[in-house]
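Single-letter residue listing:
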Amino acid sequence: MLTITNLSAGYGKAVVINQLNLEVKEGEMMSIIGPNGAGKTTLLRCINGLVPANSGDITFEGKSIKKLPTHKIARLGITHCPEGRRPFPEMSVYENLKMGGLQLNNDQFNERLEYVYSLFPILKERKSQYAGTMSGGQQQMVAIGRALMTSPKLLILDEPSIGLAPIVVDEIFEQIKIIKESGVTILLVEQNVDVALKVTDKIAVMDNGQISFIGNPAELVKDASLREIYLGIG
Ligand SMILES: Nc1ncnc2c1ncn2[C@@H]1O[C@H](COP(=O)(O)OP(=O)(O)O)[C@@H](O)[C@H]1O
Ligand SMILES: [Mg+2]
């Protein structure tokens, strides 16, 4: 579904993505882990057209999206939920979700809204509350809910667990699992390796702008050095 070939990109003269290759298959959940500064967020920004590619290609459903502007990439069904994404604080939960579904007609909007409310019932209970007054976990649910309003084919999540208490992280990942099981292809970047391993189909390790390992969770756990680095068990 998404194929990245020999991709290089960066900021000015700094090369951040270096001849990177990665494939995400339809219906699959791919998680990228790796140290801070490895280029994970930059890679996601490249896919979304926010950072230009210097060389290589990115194709989605067989067509190159490398030169497309962000709004056209979104229209193809790729929705990005960026790192540290917070909802609009002075809008209600409902208004935030409405922002995600602006292009939908009434019936489509109501159907998506019910879907998001079914995933995150707390958002229905709190639909009139200002998003800025909610807990960090609930705000992350609003952000994911808003991304889902567009019915993405590919949902890209950059560190949804950041800054959240473990119990809240578990709750959000239970919903991510349900989203995945509903057929949405997911590309996740996550520092919380334990929790990503529980739901993901594939895991990729990114180091210095390249993918240094790719496999399923069992294969990562089998690798003694990766196990020690990413799971802290020798
Ligand atoms: N807007 C920017 N301008 C210049 N350099 C940046 C910018 N964003 C990130 N970088 C640099 O790119 C490298 C990769 O960053 P990033 O993609 O955020 O990594 P990760 O998400 O894996 O932590 C880092 O060295 C970072 O300092
Ligand atoms: Mg990052």
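Residues numbered from 1 in each chain as written. Chains lettered and ligands numbered in written order. Predicted model: local features only at pLDDT ≥ 70, side-chain atom pairs only at ≥ 80, totals over all residues. Heavy atoms only, no water.

## Notes on the domain arrangement of the protein chain
Part 1 of the reasoning: Domain parsing of the protein chain yields domain 1 (1-77 + 154-234) and domain 2 (84-151).
Part 2 of the reasoning: The C-alpha-based centres of domain 1 and domain 2 are spaced at 24 Å.
Part 3 of the reasoning: Domain 1 puts 13 residues into the contact, and the matching count from domain 2 is 12 residues.
Part 4 of the reasoning: When residues of domain 1 are sorted by the area they lose upon contact with domain 2, I172, Q175 and I179 head the list and together hold 38% of the total.
Part 5 of the reasoning: Across the contact surface, domain 1 and domain 2 share zero salt bridges.
Part 6 of the reasoning: Taken together, the connections running from domain 1 to domain 2 amount to one residue pair in polar contact (both at pLDDT 80 or more).
Part 7 of the reasoning: Counting residues per element, the ones that place at least two in the side of domain 1 that touches domain 2 are strand 7 (154-158) and helix 7 (166-181).
Part 8 of the reasoning: For the side of domain 1 that touches domain 2, the leading source of residues is helix 7, giving six residues. (Domains from an automatic or database assignment. Contact = heavy atoms within 4.5 Å. Buried area = accessible area lost by both parts, 1.4 Å probe. Salt bridge = Lys/Arg side-chain N within 4 Å of Asp/Glu carboxyl O. Polar contact = N/O pair within 3.5 Å; in protein donor to acceptor, adjacent residues only side chain to side chain. Helix = DSSP H or I, 4+ residues; strand = E, 2+ residues; numbered from the N terminus.)

## Structural notes on the pairing of strand 7
Part 1 of the reasoning: Of all five residues in strand 7, five are buried; the element is thus mostly enclosed.
Part 2 of the reasoning: Relative to strand 7, strand 6 (residues 78-81) runs parallel, the two sharing four bridges. Bridge pairing links C81 to L157 in strand 7.
Part 3 of the reasoning: Bridge count between strand 7 and strand 8 (residues 185-189): five bridges; the pairing is parallel. Residue pairing across strands places L154 opposite T185, the latter belonging to strand 8.
Part 4 of the reasoning: In this fold, strand 7 hands off to helix 7, which returns the chain to strand 8; that crossover is right-handed. (Buried < 20%, exposed > 50% of the residue type's maximum accessible area, 1.4 Å probe, protein only. Pairing = 2+ DSSP bridges. Right-handed = clockwise from strand over helix to strand, strands pointing away.)

## Digging into a nonpolar patch on the surface
Part 1 of the reasoning: A cluster of nonpolar residues, F88, M99 and L102, forms a patch on the protein surface that exposes about 290 Å² of accessible area.
Part 2 of the reasoning: Among the structural elements, M99 can be located in helix 3 (residues 93-100). (Patch = residues over 30% accessible without salt bridge, like charges linked within 9 Å, V, L, I, M, F, W, Y side chains within 5 Å. Areas by Shrake-Rupley, 256 points an atom, 1.4 Å probe, with all protein chains shown as cover.)

## Comments concerning the packing of helix 3 against helix 4 (residues 106-119)
Part 1 of the reasoning: Look at helix 3 against helix 4: their axes get within 11 Å of each other, and the N-to-C directions meet at 125°. As summarised for this structure, helix 3 and helix 4 are arranged oblique, according to the angle between their axes. For the element pair helix 3 and helix 4, the recorded crossing hand is right-handed. Taken together, the residues of helix 4 that come into contact with helix 3 (itself represented by Y94, L97 and K98) are F109, L113, V116 and Y117.
Part 2 of the reasoning: Classifying every residue of the contact of helix 3 with helix 4 by side-chain character gives six nonpolar, no polar and one charged. (Axes fitted to C-alpha atoms, helices over the stretch in contact; angles between N-to-C directions. Parallel < 35°, antiparallel > 145°, perpendicular 65-115°, else oblique. Left-handed = near helix turned anticlockwise from the far one by under 90°. Nonpolar A, V, L, I, M, F, W, Y, C, P; charged D, E, K, R; others polar.)

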